[in-house]
There are 2 protein chains.
Amino acid sequence: MAGLRDRKKQQTHDALSQAAIELFLEHGFDEVSVADIAAAADVSKPTLFKYFATKQDLALHRIADHAGEAARVVTASTTDPVEALRDHFVDGLKQRDPVTGLNDNPTVLAYYRLILHTPALATRVHQFVAADQAALAEALGGGLTNELAAADLISTQQVLSRRNWVALTGGITADTLYRTAVAEAKQAYGRLLRR
Amino acid sequence: MAGLRDRKKQQTHDALSQAAIELFLEHGFDEVSVADIAAAADVSKPTLFKYFATKQDLALHRIADHAGEAARVVTASTTDPVEALRDHFVDGLKQRDPVTGLNDNPTVLAYYRLILHTPALATRVHQFVAADQAALAEALGGGLTNELAAADLISTQQVLSRRNWVALTGGITADTLYRTAVAEAKQAYGRLLRR
DNA sequence: CAGAAAAGTTAACTCGGTTAATGTTTTGAC
DNA sequence: GTCAAAACATTAACCGAGTTAACTTTTCTG
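Description of the structure in this document. (Residues numbered from 1 in each chain as written. Chains lettered and ligands numbered in written order. Predicted model: local features only at pLDDT ≥ 70, side-chain atom pairs only at ≥ 80, totals over all residues.)

**Side note on the overall build of chain A**
Working step 1: For chain A, the count of helices and strands is 10 helices and zero strands.
Working step 2: The order of α-helices and β-strands along chain A, N terminus first, is α-α-α-α-α-α-α-α-α-α.
Working step 3: For chain A, the spread of C-alpha atoms along the principal axes amounts to about 55 × 40 × 30 Å.
Working step 4: Taken across its 195 residues, chain A has 32% of its residues classed as buried.
Working step 5: Sequence-distant contacts, at least 24 apart, represent 62% of the contacts inside chain A between residues at least 6 apart. (Helix = DSSP H or I, 4+ residues; strand = E, 2+ residues; numbered from the N terminus. Buried ≥ 20, exposed ≤ 12 C-beta atoms within 10 Å, placed from the backbone. Contact = placed C-beta atoms within 7 Å.)

Structure, rendered in structure tokens:
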């Protein structure tokens, strides 16, 4: 069932991903070539590109896997979409989910720093966000109102998590920031509720 | 004053831009190489890159020149920022300003189509939009509330113009769509006003 | 175990973008 | 007008991302 073939594929995939992120964190995205990564994972360059379509994907596939989450949260819930997303975000804060920006693990911070300081990566993340927004608009039913609502919801989440990350890089601990982060989230989603 | 040197530079710049857009519209962005453009403008490849930092900029420098408009509109106005931007957008609709999406000139439509159908270009446009949003947040005074407001305002404009463009590509004329476009704009900005 | 199918390798290529060495023009001072 | 110094262009070579083709190895199937 889980044949040797599939296991090896998984192994190669993981070896590439791990080698890439390690090298990126140590030397920076632009200073590492895909040839370096392929060599570190003992694989040829064409093989690398069979596993990851672009160099960016080597750094971002974990984020890419979260695609469509907002739409999923909304369709899975029976309550008001705004409340559902607010609760989901607040819950993410409690769990210190990296996507909320409220995680001060050094590796996580370094990873975010890598993404935000590398234009090529920031850009690609934005593509995922845009796709998320389109999916959310669709999940809400489409039309002008829902497109606007989706845009509001996604950018609210973006602003909140970016603020958290900025505060953490300022030296505050996640535990210290937690209460403020929850308050800001409730305020931000609150203004979308009364509308 | 306007020395020969500067005049020649302007000429080369225009020749490159024109050749590029012509070729892109005819063959598509990915099917035209920068070498083709350089050849069409009778210039070497390194020279081309002294005038335009990237291939994308050859297609987008006209849009890039509009950067920071939202922030400028707000700082130039004495009234409420939301009203100022709404009025500016509605005025753009009346003028059939391409940035509102309400312009059915075939070349303009083709140009938009080129941008939206070319991931590399769409992505770069989004970078401009994001910068616009940051500048607007700054112009509004910064802080959570203003960051959220800026995000709302920018995405409102994005949603509105995209809807207009979609309608136009469906075959409607700009003149026919005009009334609806104004109504949608007033509705969309309206929900940001009453708070 | 035989052989089809999947995956990997090597080598060479395209294209965007850069660099260094080497001319040419334009300019401005005399 | 002459001429040296900027400024700008060209050629040729290079780098790195991503692709392609021909060929070999590994795994699955019967």
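**What to know about the protein's contact with DNA strand D**
Working step 1: What surrounds DNA strand D is a group of 20 residues, the closest being Gly3(A), Arg5(A), Ser33(A), Ser44(B) and Thr47(B).
Working step 2: Put simply, the parts of the chain that give the surface near DNA strand D at least two residues each are helix 1 (4-27), helix 2 (34-40) and helix 3 (45-51) of chain A together with helix 1 (4-27) and helix 3 (45-51) of chain B.
Working step 3: When its residues are assigned to classes, the surface near DNA strand D shows seven nonpolar, six polar and seven charged. (Near = placed C-beta within 6 Å. Nonpolar A, V, L, I, M, F, W, Y, C, P; charged D, E, K, R; others polar.)

**Comments concerning the interface of chain A and chain B**
By a frequent convention, interface size equals the accessible area lost on bringing the separate parts together.
Working step 1: Taken together, the contact between chain A and chain B spans 17 residues of the former and 17 residues of the latter.
Working step 2: For the side of chain A that touches chain B, the element with the highest residue contribution is helix 9 (residues 143-169) of chain A, accounting for nine residues.

**Brief notes about the protein's contact with DNA strand C**
Working step 1: Not every one of the 19 residues close to DNA strand C is listed here, only the nearest: Ser44(A), Thr47(A), Gly3(B), Ser33(B) and Lys55(B).
Working step 2: Elements with a minimum of two residues in the surface near DNA strand C: helix 1 and helix 3 of chain A together with helix 1, helix 2 (34-40) and helix 3 of chain B.
Working step 3: Residues belonging to the surface near DNA strand C are distributed by class as follows: seven nonpolar, six polar and six charged.

**Considering the relation of the copies chain A and chain B**
Working step 1: The two copies are related by a screw motion: chain A maps onto chain B through a turn of 180 degrees and a shift of 0.0 Å along the axis, at an RMSD of 0.1 Å. Within this description, the copies of the chain are treated as partners about a two-fold rotation axis. For chain A, the residue whose C-alpha comes nearest the rotation axis is Asp152(A), separated from it by 2.9 Å.
Working step 2: Taken as a fraction of all interface residues of chain A, those also at the interface in chain B reach 100%, which identifies the copy contact as same-surface. (Least-squares fit on C-alpha atoms with pLDDT ≥ 70 in both.)

**Remarks on helix 6 (residues 81-94) of chain B**
Residue and element names in this part refer to chain B.
Working step 1: A rise of 1.5 Å per residue sets the reference length of helix 6, with its 14 residues, at 20 Å; its end C-alpha atoms lie 20 Å apart and thus fit the reference within 8%.
Working step 2: Of the residues making up helix 6, those classed as buried are Pro 81, Val 82, Leu 85, Arg 86, His 88, Phe 89, Gly 92 and Leu 93. One face of helix 6 carries all of its buried residues, which in axial projection span an arc of 160 degrees. Exposed and facing more than 90 degrees away from the buried side of helix 6 are Asp 91 and Lys 94.
Working step 3: Taken together, the buried residues of helix 6 touch helix 5 (69-76), helix 8 (119-140), helix 9 (143-169) and helix 10 (174-193).
Working step 4: Phi turns positive one or two residues past the end of helix 6, at Arg 96, with a value near 60 degrees. (Expected span 1.5 Å × (residues − 1). Arc of directions from axis to C-beta.)

**What to know about the packing of helix 6 (residues 81-94) of chain A against helix 10 (residues 174-193) of chain A**
Residues and elements named next belong to chain A.
Working step 1: Where helix 6 meets helix 10, the closest approach of the two axes is 10 Å, and the angle between their N-to-C directions is 170 degrees. The orientation of helix 6 with respect to helix 10, classified from their angle, is roughly antiparallel. Touching Val 82, Arg 86, Phe 89, Val 90 and Leu 93 of helix 6 are Tyr 178, Ala 181, Val 182, Ala 185, Tyr 189, Leu 192 and Leu 193, all from helix 10.
Working step 2: A class-by-class count of the residues in the contact of helix 6 with helix 10 yields 11 nonpolar, no polar and one charged. (Axes fitted to C-alpha atoms, helices over the stretch in contact; angles between N-to-C directions. Parallel < 35°, antiparallel > 145°, perpendicular 65-115°, else oblique.)

**Let's talk about the nonpolar core**
Working step 1: Of all hydrophobic cores here, the largest spans 58 residues; its most connected members are Leu136(A), Ala150(A), Leu153(A), Leu136(B), Ala150(B) and Leu153(B).
Working step 2: Those residues within four positions of Leu153(B) in sequence are excluded, and the remaining contacts are Ala70(B), Val82(B), Leu85(B), Leu136(B) and Leu192(B). (Core = buried A, V, L, I, M, F, W, Y, C linked by C-beta atoms within 7 Å.)

**Things to note about the packing of helix 4 (residues 55-64) of chain B against helix 8 of chain B**
Residue and element names in this part refer to chain B.
Working step 1: Relative to each other, helix 4 and helix 8 sit at 35 degrees, their axes nearing to 10 Å. Here the hand of the crossing between helix 4 and helix 8 comes out right-handed. Only Ala 120, Leu 121, Arg 124, Val 125 and Phe 128 of helix 8 make contact with helix 4, whose side of the interface consists of Gln 56, Ala 59, Leu 60, Ile 63 and Ala 64.
Working step 2: Its residues placed into classes, the contact of helix 4 with helix 8 shows eight nonpolar, one polar and one charged. (Left-handed = near helix turned anticlockwise from the far one by under 90°.)

**Some details on unusual backbone geometry**
Working step 1: Of note in the backbone geometry, Arg96(A) takes a positive phi value of approximately 60 degrees without being a glycine.
Working step 2: We classify Arg96(A) as partly exposed; it has 16 C-beta atoms within 10 Å.
Working step 3: One non-glycine residue, Asp42(B), adopts positive backbone phi at about 55 degrees.
Working step 4: Tracing the sequence through the fold places Asp42(B) in the loop between helix 2 and helix 3.

**What to know about the environment of Ala59(B)**
Residues and elements named next belong to chain B.
Working step 1: Inspection of the secondary structure puts Ala 59 in helix 4.
Working step 2: Taking the C-beta count within 10 Å as the criterion, Ala 59 has 26 such neighbours and is therefore assigned buried.
Working step 3: In sequence terms Ala 59 and Gly 141 are 82 residues apart; their C-alpha atoms lie 33 Å from each other.
Working step 4: Among all residues touching Ala 59, those that are not within four sequence positions of it are Ala 20, Ile 21, Phe 24, Phe 29 and Leu 121.

**As for the environment of Thr12(A)**
Residue and element names in this part refer to chain A.
Working step 1: Locating Thr 12 in the fold gives a position in helix 1.
Working step 2: Judged by local crowding, Thr 12 falls into the partly exposed class, with 17 C-beta atoms found within 10 Å.
Working step 3: Separated by 31 residues in the primary sequence, Thr 12 and Val 43 place their C-alpha atoms 8.2 Å from one another.
Working step 4: Ignoring any residue separated from it by four or fewer positions in sequence, one finds Thr 12 in contact with Val 43 and Tyr 51.

All we've got here are geometric facts, nothing functional implied.
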